Amino acid sequence: MTTLLEVRDLSKSFGGVKAVSNVSFELGASEMVAIIGPNGAGKSTCFNMLGGQLVPDTGGISLNGRSIGGLPPRAIWRLGVGRTFQVASTFGSMTVCENVQMALASLRSETARPWSRMQDLYRDEALQLLERVQMLEHADRSCATLAYGDVKRVEIAIALTNAPSLLLMDEPTAGMAPKERFGLMELVTSVVAERSVAVLFTEHDMDVVFGYAHRIIVLDRGQIVAAGSPAEVRASPKVRQIYLGDEDPGSMERVTA
Amino acid sequence: MWEITTQVLTGLASASNLFLVACGLTLIFGVTRVVNFAHGSIYMLGAYAMVTFVSPMREYLGPTLGFWAAVAASVIFAAVVAALIEVVLLRRLYRSNHLFQLLATFGVVLIVQDLVILVWGADDILGPRAPGLTGFVSLGEHRFPAYSIFMIAVGPVVFLALWLILHRTRWGTLIRAASQDKEMVGLLGARDKLLMTSVLALGGALAGLAGALQIPMQPANAFMDVSIITEAFVITVIGGMGSMTGAFLAAILVGLIQALGIQLFPKSTLVLVFLVMAIVLVIRPWGLLGRPEVEAGGAMGEPPERILSPNTTRFALAALAIFLLLAPQFMSEYHVGLLIEVLLMSLFAFSLNFILGNGGLVSFGHAAYFGLGAYGAALAVYHWRWPMEAALVLGPLVAAAGALVFGWFVLRLAGVYAAMLTLAIAQILWSLAFQWNEFSGGDNGVNGIWPSAWAQSRVVFYYVVLLLSVAAIGALWRATKAPLGYTLRAGRDSPRRCEAIGINLLTHRWAGFVLAGAAAGLSGALFAFSKGTVDTHVLSVHMTVDSLVMVLIGGVNAITGPLMGGTIYPLLKAYIMPLTDAWRMFLGAVILLTVLLFPQGLAGFLSKFSRRFNSSTEPTSVSLRVASERGQ
């Protein structure tokens, strides 16, 4: 498998607290990898460095051999990295379709045009993407009135506009009902499979993690403590200890069953 | 040597006074997150209370004790008024955005201005000098007033006292805690409301003290509120909003710059102060000792209000166009003049809302661009005898150039810092126009700015205004619906999402800022020719407030809002202002009522009304969908 994303010795401190220290991993094309860990393990910090929201103290991030560490988010997006947020963020005053049209206009660097009508720009292309995420019927509804799960779908459609090679998803199913979660993850897996997009995601729901990730990276206190296939991670005593303490080795099976 | 010393001491004396006002402002902001324009009014009331109390008290208590008793009484009076303002008004505004808060507290400024003139008259009132401090101290061959030495001491003494209150008392600890996290203090069981009121009273007392102590040096007058509040804003911004130590350092900095800078820039030391503020903000966008403002997250933005369906809108626009084209046929010259005013104010308000309502950029100094357009056109005619046609091109270009330069600074800042900087920029331009007599005509402005011969008649000039303002509004309207306008709105809704889809928000905002500046400049340039004269009013904070009031009463979240406001407001002004001596009080009341009762303006009110009307005749798609999900 070719390496898409390479992370080397990534570190970030906040006022003396090492949020992430010496994290290294690789991600192959079309691979789906989860980063898990307890609260405060450094998942979000790690994610925000990959997405450009934070600048790493040390270490390197490269995408297809090109260094992207420290670039602003907009530059990273232009290199083919899509992003969804833990608290979904879309443009609430616009319709679902206009949200996707915005991203398409940005892709072609046409966002500064003062004259042409936005509503007519790339509408068909936007509708195709919305059809793919099963949001076509809501295309002309305002984003502010959508159910939360639907906002997440809109985010995915937006993330697909620049035909990304990598999708960063921060807690893709947070805030959703259990039934909806699997619907969304099924959608994500089928979309990325047909477009050969690699996915790196963080997630709290262990059913989602063990059900969909090809590989799992476990962070604790800013460091990688385990990495491997779901089966390997499930069997790791270190992971059990972090998640469960020593007393109750049975509950990991309950969580991941 | 002695000369420099004297100037430094003069600077420190004025720094003390500035600190007294600014530290109250910064304390109030720290705890309530409200930028309190009315703080300057409290200062003015302190001064007026002093001149009122001092005569009877000197009679009863003797000159020395009476003087200081009057100071104490003024401080108490100011504290009570400030606490009342909190209870009646500010309390209802804590959840509003900064702009509404600024505007509402400015409403209080307007009301107090008229009240002061009503109670004390429009003339300056002199007070007595401080007993025992009337003499001079010799510094070489220079003489320095003893009272100024006393003033120099007041600042550090008050600073120390406040520091002790904040760090050694339970109340002070609560104030500091509330500055960090208001909700947390509420959860801990502290009585939130009482804390707010007491902080307003403390800030009011400090402003009252500053006003009262100013009386031995300058008379009480009805303009001291806006001039002091501008300086206090500058100081709190340089020092960092909410930081008392920052305010102290910044007050000394500003006091010294003003005292020493008078040699470098005799025309306007405010320009120098502004330059320092700009440099500080470029290096530290949150002031010397301030903390980054945490913008409230999660706000997603509302869809724009729609009052009429697209077809009805087209019909209404066509009817409006016919009316505007034919109006001079059946209207008197006076009414045609009024219509010119309506068109120009509509363009002015529309240009503001392009960045404000649509782009979410807080601007409290849109008069700067109106004024640059007006002066740009007028001075070209006055000094260089340019024809109207050329001047109408130059005006908007000057305004756009101003927006280009100032936008570079303003757009790098967030929230309240940006609002303060826009205000400061407009005030600096105002003071330049006011003081640069030879070039701008000073307070009198410049006269004889008449249209070219072919457009001298009111009717022809009306058509010139109609053509240009409709074209400019149309272009901005189109831009609102184009990618540029959408991108500005996207930046308002979610800057984070913008970045994540590759948009460089800063450059787009800059373009929008310049476009809005040019449009405001066009309305200013046309305004100059419609009046035949330009004076400093076009750059004043009152012009800015006019623009904000128009947008506010029309409604920020509708494209037609500013046009409604731009129509209603000049008409109100034309018909109500002549009837009353208390126009400012009326305007202040309109602002307060709108902010408190109709924050979405007329457009929001109408669209709610039309939604209700429509939903009673046909079910909306949402309710249909809900019904089908229930299996009906």
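Residues numbered from 1 in each chain as written. Chains lettered and ligands numbered in written order. Predicted model: local features only at pLDDT ≥ 70, side-chain atom pairs only at ≥ 80, totals over all residues. Heavy atoms only, no water.

1. A look at the overall build of chain A
Line of reasoning, step 1. Of regular secondary structure, chain A possesses 10 helices and 10 strands.
Line of reasoning, step 2. Over its C-alpha atoms chain A spans a radius of gyration of 19 Å, differing by no more than 12% from the 18 Å that the globule rule assigns to 257 residues.
Line of reasoning, step 3. For chain A, the spread of C-alpha atoms along the three principal axes comes to 65 × 40 × 35 Å.
Line of reasoning, step 4. Going through the 257 residues of chain A one by one, you find that 55% of them count as buried.
Line of reasoning, step 5. Pairs at least 24 apart in sequence give 67% of the contacts found in chain A among residues at least 6 apart.
Line of reasoning, step 6. Per element, the accessible surface of chain A, about 10500 Å² overall, is 51% carbon and sulfur. (Helix = DSSP H or I, 4+ residues; strand = E, 2+ residues; numbered from the N terminus. Rg over C-alpha atoms; globule rule 2.2 N^0.38 Å. Buried < 20%, exposed > 50% of the residue type's maximum accessible area, 1.4 Å probe, protein only. Contact = heavy atoms within 4.5 Å. Areas by Shrake-Rupley, 256 points an atom, 1.4 Å probe, with all protein chains shown as cover.)

2. A few points about the confidence of the model for chain B
Residue and element names in this part refer to chain B.
Line of reasoning, step 1. Looking at chain B, the pLDDT average stands at 88 and 94% of residues meet or exceed 70.
Line of reasoning, step 2. Within the model, the stretch residues 295-299 combines pLDDT values under 50 with 2 contacts to residues more than four positions away or in other chains.
Line of reasoning, step 3. Every residue in residues 616-632 is under pLDDT 50, and counting partners more than four places away or in other chains gives 4 contacts.
Line of reasoning, step 4. If you check the scores for this complex, the pTM reads 0.89 and the ipTM reads 0.92. (pLDDT = per-residue confidence, 0-100.)

3. A short note on the pairing of strand β8 (residues 198-202) of chain A
Residue and element names in this part refer to chain A.
Line of reasoning, step 1. Within β8, 5 of the 5 residues are buried, which leaves it mostly tucked inside the rest of the structure.
Line of reasoning, step 2. Every second residue of β8 is oriented toward a common face, with A198, L200 and T202 on one face and V199 and F201 on the other, all of them buried.
Line of reasoning, step 3. Sheet analysis places strand β3 (residues 32-36) next to β8, joined by 4 bridges and oriented parallel. Within β8, the residue paired with A34 across the bridge is F201.
Line of reasoning, step 4. Between the parallel elements strand β7 (residues 166-170) and β8, the chain passes through helix α6 (residues 178-195) in a crossover that is right-handed. (Pairing = 2+ DSSP bridges. Right-handed = clockwise from strand over helix to strand, strands pointing away.)

4. Overview of the packing of helix α1 (residues 2-32) of chain B against helix α10 (residues 244-264) of chain B
All names here are of chain B.
Line of reasoning, step 1. Where α1 meets α10, the closest approach of the two axes is 7 Å, and the angle between their N-to-C directions is 145 degrees. Both α1 and α10 take part in a crossing whose hand is right-handed. For the pair α1 and α10, the contacting residues are E3, Q7, V8, T10, G11, L12, S14, A15, L18, F19, C23 and T26 in the first and M244, A247, F248, A251, I252, V254, G255, L256, Q258, A259, L260 and Q263 in the second.
Line of reasoning, step 2. Each residue belonging to the contact of α1 with α10 can be placed in one class, and the counts come to 15 nonpolar, 8 polar and 1 charged. (Axes fitted to C-alpha atoms, helices over the stretch in contact; angles between N-to-C directions. Left-handed = near helix turned anticlockwise from the far one by under 90°. Nonpolar A, V, L, I, M, F, W, Y, C, P; charged D, E, K, R; others polar.)

5. Some details on the interface of chain A and chain B
Line of reasoning, step 1. On the side of chain B, 30 residues touch chain A, which itself brings 37 residues to the contact.
Line of reasoning, step 2. Area buried by chain A at its contact with chain B is led by R74, F91 and S93 of chain A, which between them contribute 21% of it.
Line of reasoning, step 3. Taken together, the connections running from chain A to chain B amount to 2 salt bridges.
Line of reasoning, step 4. The interface formed by chain A and chain B holds 20 residue pairs in polar contact (both at pLDDT 80 or more) in total.
Line of reasoning, step 5. Here the side of chain A that touches chain B is built from residues that sort into 17 nonpolar, 11 polar and 9 charged. (Buried area = accessible area lost by both parts, 1.4 Å probe. Salt bridge = Lys/Arg side-chain N within 4 Å of Asp/Glu carboxyl O. Polar contact = N/O pair within 3.5 Å; in protein donor to acceptor, adjacent residues only side chain to side chain.)

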